[in-house]
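One-letter residues, chain by chain:
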Amino acid sequence: MPEDARATVLISSGTGFPKELYARMARFGAERGYAALIYDYRGIAGSAPEQVRNFDADIMDWARLDFPAALDAAEALAPGKPLFTLGHSVGAHLLGFADNAHKAKAHGFVTAGTGYHGAHEPGYRPKALFFWWGYGPLMLALHNHIPAGGLWTGTALPRDVFTQWRQWSQRPGYFTEFYDVLGDHGFDRIAAPIRDWTFTDAPLCSRRSADDLLSFYTAAPTEQLRLDPAELGAKRIDHHGAFSRSAKGFWSLPFDWFDGYL
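Residues numbered from 1 in each chain as written. Predicted model: local features only at pLDDT ≥ 70, side-chain atom pairs only at ≥ 80, totals over all residues. Heavy atoms only, no water.

J.: Talk me through the pattern of salt bridges; I want residue IDs and the actual numbers.
T.: As enumerated under the stated definition, the model contains 15 salt bridges in all. Between Asp259 and Arg6 there is a salt bridge whose closest N-O contact spans 3.1 Å. Placement of the pair is Asp259 in helix H7 (residues 248–259) and Arg6 in the segment before strand E1 (7–12), with a sequence separation of 253 residues. Taking the relative accessible area as the measure of exposure, Asp259 reaches 25% and is therefore partly exposed. Given the relative accessible area of 36%, Arg6 is considered partly exposed. Through salt bridges with shared partners, a single network forms among Arg6, Arg32, Asp256 and Asp259. (Salt bridge = Lys/Arg side-chain N within 4 Å of Asp/Glu carboxyl O. Helix = DSSP H or I, 4+ residues; strand = E, 2+ residues; numbered from the N terminus. Buried < 20%, exposed > 50% of the residue type's maximum accessible area, 1.4 Å probe, protein only.)

J.: Explain the sheet that holds strand E3 (residues 83–88) to me, using residue names and the numbers behind them.
T.: The strand order across the open sheet built from 6 strands is E2-E1-E3-E4-E7-E8, with neighbouring strands paired in parallel fashion. Whereas interior strands pair on both sides, the edge strands pair on one side only; in this sheet they are strand E2 (34–38) and strand E8 (222–227). Adjacent strand axes in the sheet meet at a mean angle of 20° when their direction is disregarded. Taken together, the 5 bridges between E3 and strand E4 (residues 106–110) define a ladder with parallel strand orientation. Note that in E4 the partner of Gly87 across the bridge is Phe109. Sheet strands in contact with helix H1 (residues 23–31) are E1, E2 and E3, and its direction is about 160° off that of E2. Its contacts with the sheet place helix H6 (residues 207–216) against E4, strand E7 (194–199) and E8, and it is angled at close to 165° to E8. (Pairing = 2+ DSSP bridges. Axes fitted to C-alpha atoms, helices over the stretch in contact; angles between N-to-C directions. Contact = heavy atoms within 4.5 Å.)

J.: Lay out unusual backbone geometry with the relevant residues and their values.
T.: In this structure, Asn144 takes a positive phi of about 65° despite not being glycine. Following the sequence through the fold, Asn144 ends up in the loop between helix H3 (125–143) and strand E5 (145–146). With a phi close to 50°, Tyr174 is a non-glycine residue in the positive phi region. Note on placement: Tyr174 falls in the loop between helix H4 (159–169) and helix H5 (179–182).

J.: So what about the packing of aromatic side chains? Which residues, and what values?
T.: Counted according to the given criterion, the structure contains 34 aromatic pairs. Centroid distance Trp168 to Tyr174: 5.6 Å. Interplanar angle 75°. Geometry classified as edge-to-face. Of the two residues, Trp168 and Tyr174, both sit in the buried class. Taking the centre distance of 5.6 Å and the plane angle of 70° together, the rings of Trp168 and Phe175 count as edge-to-face. With relative accessibility at 0%, the residue Phe175 sits in the buried group. An aromatic cluster is present here, built from Phe28, Tyr34, Phe84, Trp197, Phe199, Phe250, Trp251, Phe255, Trp257, Phe258 and Tyr261 joined pairwise through their rings. (Phe/Tyr/Trp six-rings, centres within 6.5 Å; stacked < 30°, edge-to-face > 60°.)

J.: Can you explain the pairing of E2? Please cite residues and give values.
T.: The pairing of E1 with E2 spans 5 bridges and is parallel. By the bridge assignment for E2, Thr8 is matched with Ala35. Each parallel crossover has a hand, and the one from E1 via H1 to E2 is right-handed. (Right-handed = clockwise from strand over helix to strand, strands pointing away.)

J.: Quick rundown of the side chain of Arg195? Include the residues and the values.
T.: Mapping Arg195 onto the fold places it in strand E7. Contact partners of Arg195, with chain neighbours within four places excluded, come to His107, Gly108, Phe109, Glu223, Leu225 and Trp257.

J.: Outline the nonpolar core, listing residues and values.
T.: In this structure, Phe109, Phe175 and Tyr217 are the most contacted members of the largest nonpolar core, which totals 48 residues. Contributing elements (two or more residues each) for this core: helix H2 (59–77), H3, H4 and H6. With 8 residues, H2 is the largest single contributor of residues to this core. Not counting the four nearest positions on each side in its chain, Phe175 is found in contact with His93, Phe97, Trp168, Leu182, Phe187, Leu213 and Phe216. (Core = buried A, V, L, I, M, F, W, Y, C linked by side-chain atoms within 4.5 Å.)

J.: Break down H7 for me, with residues and values.
T.: Among all positions of H7, only Phe250, Trp251, Pro254, Phe255, Trp257 and Phe258 are buried. When H7 is viewed along its axis, its buried side chains cluster within an angular range of 155° and face the same direction. (Arc of directions from axis to C-beta.)

J.: Quick one: what's the story with the layout of surface pockets, residue by residue and with numbers?
T.: Volume-wise, the largest pocket comes out at about 700 Å³. The wall of the largest pocket is formed by 31 residues, among which Tyr124, Trp152, Trp165, Leu204 and His239 lie closest to the centre. When residues of the lining of the largest pocket are traced back to their parent elements, those giving at least two are H3 and H4. By residue class, the composition of the lining of the largest pocket is 15 nonpolar, 13 polar and 3 charged. Roughly 150 Å³ of volume is contained in the second largest pocket. (1 Å grid on protein atoms, 1.4 Å probe; cavity = no way out; pocket = protein on both sides within 12 Å on 5 of 7 lines; lining within 4 Å. Points joined across faces, edges and corners; volume = space filled by probe spheres on them. Nonpolar A, V, L, I, M, F, W, Y, C, P; charged D, E, K, R; others polar.)

Encoded structure:
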């Protein structure tokens, strides 16, 4: 919280990343006058149960329950002030399923694309397919969830998060091919501007996968800015390095953009 907030930003995590990864960005935002809220989805890091093994949660719980609740909580930090969202990876997918996303004036995305394996950079695709059909099923058979460690470098994932993510990853249209099952959504109703910052050294989030995701938001003006880490004074950014101290040159970009809507 800044002393006198000009606006609020909700920072939503990528899959398996704890909220602490985003703390530096949140503090930077507070220095710029933005009240900032970070949070963990149910089943993840600080919101995980003692035993993830039998915990019942999937990505749609994050989208329909956790993200909207967090957005309301963020709005309450500075009532009457402009509200923005900044979503990393899956954090950029959730707002299309939230019933209150219209509250935000603009949405920033960071390394956000679809998870369709065929849209990853070619060199990354074999690793993705092994995760979906080799490593992941083995971990489910042994633990009934995806534990932290080994090939999976994030926090432990509930079983249904993994299986839903895998189901979507096999289709070019990703979750849009399951709208009939997923129910009502707002991807065709969100009209606030969207900007997605992606990086040339992030094979998981290729230019194509980011463009595909942006195309789902059919009512919003969208743009992708693809940056070389060297432009920001960083040696490497990849999928989640934009929030690390080594990529501090990136941190001002979302807030500079948000400032334009104050």
